[in-house]
Amino acid sequence: MTRPDSPTAPAAPPASLAPPDAVNLLDLELPELEELLARLGHKPFRARQLWQWLWQKNAATFEEMTNLSKDLRAQLAAAAAIRPPRIADARASSDGTVKLLLRLGDGEVVETVLIPEKDHYTQCLSTQAGCAMGCTFCSTGRMGLVRNMTMAEIVGQVLVGRRRLAETGVALPLRNLVFMGMGEPLMNTRELLRALRTLNHPLGLDFSPRRMTVSTCGLPAGMRELGASGLASLAVSLHAPTQELRAQLMPAAAKVPLHELIDALKDYPLKNRQRITFEYILLKGVNDTPEHARQLVRLLSHLKCKINLIAFNAPRDGSGPYQAPGPERILAFEKALWDKNITVILRKSKGADIAAACGQLRTEHKTGRADPKT
Ligand code: SF4
């Protein structure tokens, strides 16, 4: 674990001198930034320059923005601030996974995870502090909802993640974003869509919709909005092939009956070669039998989809009712789906040595169980 105030920790950006109620520029979409600069007497192209400093050049202070006039920089310093989340704790796994615990402006903490792939990194982002969905296999679900995150807090995770990779000498680019961290993204649709538009903007971070995936328990109204935006791919946390079992595992999600969810997905707008992803966490003896595999095939056989199978990543203290199945059971489940022509990707659980599953690190901090020597 690296604590930010340790001698080896990367330097944190300098604190802003702006008043506490100053507008956080990371909370503005480009048209809103143009409006702000117009009120300060500047032309729209200045907003675009500022936007590039914020999102492309990772500027932490106004002094760095050398193509803006001194007058404008002084105006900004008096009226605005750049406030990304701050790293409260960082852990690096032996497999290259990095988990960051981030402190928000009001002291609340959320998690983000940087996951190494063959030639790039994927970042897992949070959209809420806590979560109201109550999934029984998830540490975040057990803490309940604290509040929605703002656009600045959602997209700020990417700025912090990118800076962290650069400062620790990681050469692989951050290429994919998955909204699978703390929270149900479609319970915070307004800020989620603002964040996706900002992430997608060609003068900013320029993430293509193909490289952003939003994972939801399956809330039809939010799925319709996301589908209409075309800004990200859709992943649905399924985890059970029947309504009865799903209601046990995911109490809040069970308010949407499984047949209604599947009907809504049949109408989901997909581009060429795009498919809906289903997430299925395998829980030993709960949802991993041959009969569950057969039920899953029947449920999904008429959808353009693929399944991500993930073995449960158990809390390090062994708490909770679930265990991961053994490798034989996992492979048998995977084969049963392939045999019926369902595309399956077996995802390895990464970062098991650093409590990388959703909510585990935050829970350890809240309960004082974090091990400072890790
Ligand atoms: S799995 Fe996702 S939706 Fe379910 S409780 Fe955890 S954070 Fe919320």
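None of the values given here were measured: they were computed from a predicted structure.

Take the site of the ligand next. With respect to spatial proximity, ten residues lie near the ligand, and among them Cys131, Cys135, Cys138, Gly141 and Gly183 are the closest. Each residue belonging to the shell around the ligand can be placed in one class, and the counts come to six nonpolar, four polar and no charged.

Even without a glycine there, the phi angle at asparagine 58 is positive, about 55°. Looking at where asparagine 58 falls in the secondary structure, it is placed in the loop between α2 (44-55) and α3 (70-79). When its relative accessible area of 16% is taken as the criterion, asparagine 58 is described as buried. The phi dihedral of histidine 239 falls on the positive side, at around 65°, and the residue is not glycine. Within the element layout of this structure, histidine 239 appears in the loop between β11 (233-237) and α8 (243-249).

Turning our eyes to something else, we now look at the nonpolar core. Counting residues in hydrophobic clusters, the biggest one holds 103 residues, and the most contacted among them are Leu33, Phe137, Leu196, Phe278 and Leu300. Top element by residues in this core is helix α5 (residues 151-167). It accounts for eight residues. Mapping this core onto the domain boundaries places at least three of its residues in each of domain 1 (23-81) and domain 2 (86-366). When neighbours within four sequence positions are excluded, phenylalanine 137 is seen to be in contact with His239, Leu249, Met250, Ile281, Leu283, Phe312 and Tyr322.

Calculation notes
- Here the residue index of a chain counts from 1 through its sequence in written order.
- Given that the model is predicted, a residue must reach a pLDDT of at least 70 before its local features are reported, and side-chain atom pairs must reach 80 or more before they are shown or counted; all residues, however, enter totals for whole chains, interfaces and linings.
- The basis for the side-chain values is all heavy atoms of the structure; hydrogens and waters are excluded.
- Proximity criterion: a residue is near a molecule or strand once any of its heavy atoms comes within 4 Å of it.
- Ten residue types, Ala, Val, Leu, Ile, Met, Phe, Trp, Tyr, Cys and Pro, are classed as nonpolar, four, Asp, Glu, Lys and Arg, as charged, and the remainder, Gly among them, as polar.
- Numbering of helices and strands runs from the N terminus; a helix is a DSSP stretch of H or I covering at least four residues, while a strand is a stretch of E covering at least two.
- Each residue is placed in one exposure class: buried if its accessible area under a 1.4 Å probe, protein chains only, is under 20% of its type's maximum, exposed if it is over 50%, and partly exposed if it falls in between.
- We call a set of buried Ala, Val, Leu, Ile, Met, Phe, Trp, Tyr and Cys residues a nonpolar core when their side-chain atoms join them within 4.5 Å.
- Note that the domain bounds were set by an automatic or database domain assignment.
- We call two residues in contact whenever any of their non-hydrogen atoms come within 4.5 Å of each other.

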